[in-house]
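Observations on chain architecture
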Amino acid sequence: MIEKVPITKQGLEKLRQELQHILTVERPQNIKAIEEARSHGDLSENAEYHAAKERQSMLEAKINDLEMSISRSDVIETNNENVDMVVFGVTVELRNMATDKNVAYQLVGPYESDPDSGRISIVSPLGRALIGKEEGDEITLETPGGVQEFEILEIR
């Protein structure tokens, strides 16, 4: 049985758009590059041909990965009005107690995770530690860089 992975509606749409782009733009461009490189003759010493074939392998792997991700996705509706605890889809504002700096993260599925854009996976160590907590709660997290402590300032 295939394990389902939670995702937002927007996250699933982004995966589908990326797959569509590869299928309709990148793959056809790469096929043309292979055909053009073939027309140059001897394939054994044709660097353009080998590069295009390598790109083809990477594109096919990405297509397979995206198709698997889409098939395993389970869209979770995120109607999080008046939420009083941390659940999938909410945005949590935290205060790092060591640095006294605030940071906000939306809890999303692993396929959508992008910490630099403020989106962390619910299966990440921080995501797991936040689930079920409420405003004002403090969490302690063991990280490779040492212990970090956060206070939950706001859930929205």
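A brief report on the enclosed structure follows. (Residues numbered from 1 in each chain as written. Predicted model: local features only at pLDDT ≥ 70, side-chain atom pairs only at ≥ 80, totals over all residues. Heavy atoms only, no water.)

**Side note on the side chain of S69**
Positionally, S69 belongs in helix α2 (residues 47–72). For S69, a relative accessible area of 7% gives the class buried. Apart from residues lying up to four places away in sequence, S69 is in contact with L15 and Y111. (Helix = DSSP H or I, 4+ residues; strand = E, 2+ residues; numbered from the N terminus. Buried < 20%, exposed > 50% of the residue type's maximum accessible area, 1.4 Å probe, protein only. Contact = heavy atoms within 4.5 Å.)

**Re the nonpolar core**
Judged by nonpolar contacts, the single largest core of 17 residues is most densely connected at V86, V92, L94, L107, L126, L130 and I152. Counting residues per element, the ones that place at least two in this core are β3 (91–96), β4 (101–108), α3 (125–130), β6 (138–143) and β7 (146–155). Not counting residues within four places of it along the chain, the set of residues in contact with I152 comprises V86, V92, E93, L94, L130, K133, E134, E135, G136 and D137. Judged by nonpolar contacts, the second largest core, of nine residues, contains L12, I22, L66 and I70. (Core = buried A, V, L, I, M, F, W, Y, C linked by side-chain atoms within 4.5 Å.)

**Considerations on the sheet that holds strand β5 (residues 119–121)**
With mixed pairing, five strands are arranged side by side in an open sheet as β5-β4-β3-β7-β6. Each edge of the open sheet is held by one strand with a lone partner, namely β5 and β6. Across this sheet, the average inter-strand angle for adjacent strands is 45°, counted without regard to direction. The pairing of β3 with β7 spans five bridges and is classified as antiparallel. From the neighbouring strand, R95 faces β7, where its bridge partner is E151. (Pairing = 2+ DSSP bridges. Axes fitted to C-alpha atoms, helices over the stretch in contact; angles between N-to-C directions.)

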